[in-house]
Amino acid sequence: MTKRFAVIGSNSFSGAHFVDYLLHQGDRVLGLSRSEEPHSVFSAYSNNPACADYFQFVQADINKNLNTVVSSLKSFCPQYVVNFAAQGMVAESWKNPEHWYQTNVVGQVRLHDQLRRLGFLEKYVHVTTPEVYGSTNGWIKESSKFAPSTPYAVSRAACDLHLMSFFEAYDFPVVFTRAANVYGPGQQLYRIIPRALLCARTGRILQLHGGGHSVRCFVHIRDVAEATYRVAVQGSPGEAYHISTREQISIHDLVRRISCLTAVSFDDLAKVSEDRLGKDQAYLLDSTKIREELGWSDTIDLGNGLVQTLEWVDANTETLTLQPQEYLHKP
């Protein structure tokens, strides 16, 4: 049965892949984003034939055009709203922390106060982050205490707590997702995997912050899209769900795998640089809950996912070299 989804932040990497996933499901989708639709090389849904009939896009900023966002939602009447919109990037949040608090707390609170009044809304999925836990030891569950260590993480934790107050006071049907490090074709070039792959193909040097000793789990974007869908449709209001593989790897070893995959020596590919302020050493998310309660499992291992992402880089190298290679901050 066709469902109606509104995707806020539809131009983000995760948002665009989720739109594509929904269109393949045969659902109707309203996409909302503060920026115009990106170059097709970064838009997972741009070549989906269902776009013409099942997708509509509205450019609107929750900080500047909240009335447009709300009126678009009222016109579309989605059963589910999935919100990927946030001011991201951990290191940069130290430079202008007020921008992160404006978007991730103030702007979101204003949005949620409107959403709670929409009688047609069955579920609101808030896509948040494991950064709220700070650096972790061992595999952590959704019940772990918050210990954010950067302005970005503090802003996301504050918003999560705000939403729980709305759930308790108004029965607002919020569910949370916290995913491990997401990757795949179409990801912004300042992220570690596409950046390393493109450096390997173009002869540029990758800066390996702090020697790459931090440990992460990488989960493919298509697995994340399916998990997000399951949380939207089956998730219990007030609950959070971790989305992660069970394979952990240091950034150093990840880059070494990429050097082997691309047949470029590690010393030619990477150079150790100063570590980033406030960077957490490890995020290891226990994903037992979503596996047992919602029946999700990851299907694309890191090896195959890296191959897929390299194929995307190779198919679009000329175009990618003309795109921004660094994070461009927009307040």
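Residues numbered from 1 in each chain as written. Predicted model: local features only at pLDDT ≥ 70, side-chain atom pairs only at ≥ 80, totals over all residues. Heavy atoms only, no water.

(A) Examining the nonpolar core more closely. Core analysis: the largest hydrophobic core is formed by 45 residues, its most contacted members being F5, F18, L23 and I290. For L23, the contacting residues outside a window of four places in its chain are V29, Y45, N48, A50, C51, Y54 and F55. (Core = buried A, V, L, I, M, F, W, Y, C linked by side-chain atoms within 4.5 Å. Buried < 20%, exposed > 50% of the residue type's maximum accessible area, 1.4 Å probe, protein only. Contact = heavy atoms within 4.5 Å.)

(B) Spotlight on the packing of helix 3 (residues 66-76) against helix 4 (residues 97-115). Where helix 3 contacts helix 4, the two axes come as close as 11 Å, and the packing angle between them is 30°. Taken as axis vectors, helix 3 and helix 4 run roughly parallel relative to one another. Crossing angle aside, the handedness with which helix 3 passes helix 4 is right-handed. Contacts between helix 3 and helix 4 involve L66, V69, V70 and L73 on the former and, on the latter, R110, L111, Q114 and L115. In terms of residue class, the contact of helix 3 with helix 4 is made up of 6 nonpolar, 1 polar and 1 charged. (Axes fitted to C-alpha atoms, helices over the stretch in contact; angles between N-to-C directions. Helix = DSSP H or I, 4+ residues; strand = E, 2+ residues; numbered from the N terminus. Parallel < 35°, antiparallel > 145°, perpendicular 65-115°, else oblique. Left-handed = near helix turned anticlockwise from the far one by under 90°. Nonpolar A, V, L, I, M, F, W, Y, C, P; charged D, E, K, R; others polar.)

(C) The packing of aromatic side chains, seen in detail. Taken as a whole and judged by the stated rule, the model has 12 aromatic pairs. Ring geometry for Y124 versus F172: centroids 5.5 Å apart, planes at 35°, classification tilted. One end of the pair, Y124, is in strand 5 (residues 123-128); the other, F172, is in the loop between helix 5 (151-170) and strand 6 (174-179), and 48 residues separate them in sequence. By the ring-pair criterion, three or more aromatic residues cluster together here, those being F5, F18, Y21, Y80, F84 and Y229. (Phe/Tyr/Trp six-rings, centres within 6.5 Å; stacked < 30°, edge-to-face > 60°.)

(D) The arrangement of the pairing of strand 5 in detail. Most of strand 5 sits out of view: 6 of its 6 residues are buried. The side-chain alternation of strand 5 yields two buried faces, one formed by K123, V125 and V127 and the other by Y124, H126 and T128. Pairing of strand 4 (residues 80-83) with strand 5, which is carried by 4 bridges, proceeds in the parallel orientation. Pairing of V81 across the sheet is with Y124, part of strand 5. Between the parallel pair strand 4 and strand 5, the chain is carried across by helix 4, and the sense of this crossover is right-handed. Inspection of the sheet shows strand 5 paired to strand 6 by 5 bridges, in the parallel sense. (Pairing = 2+ DSSP bridges. Right-handed = clockwise from strand over helix to strand, strands pointing away.)

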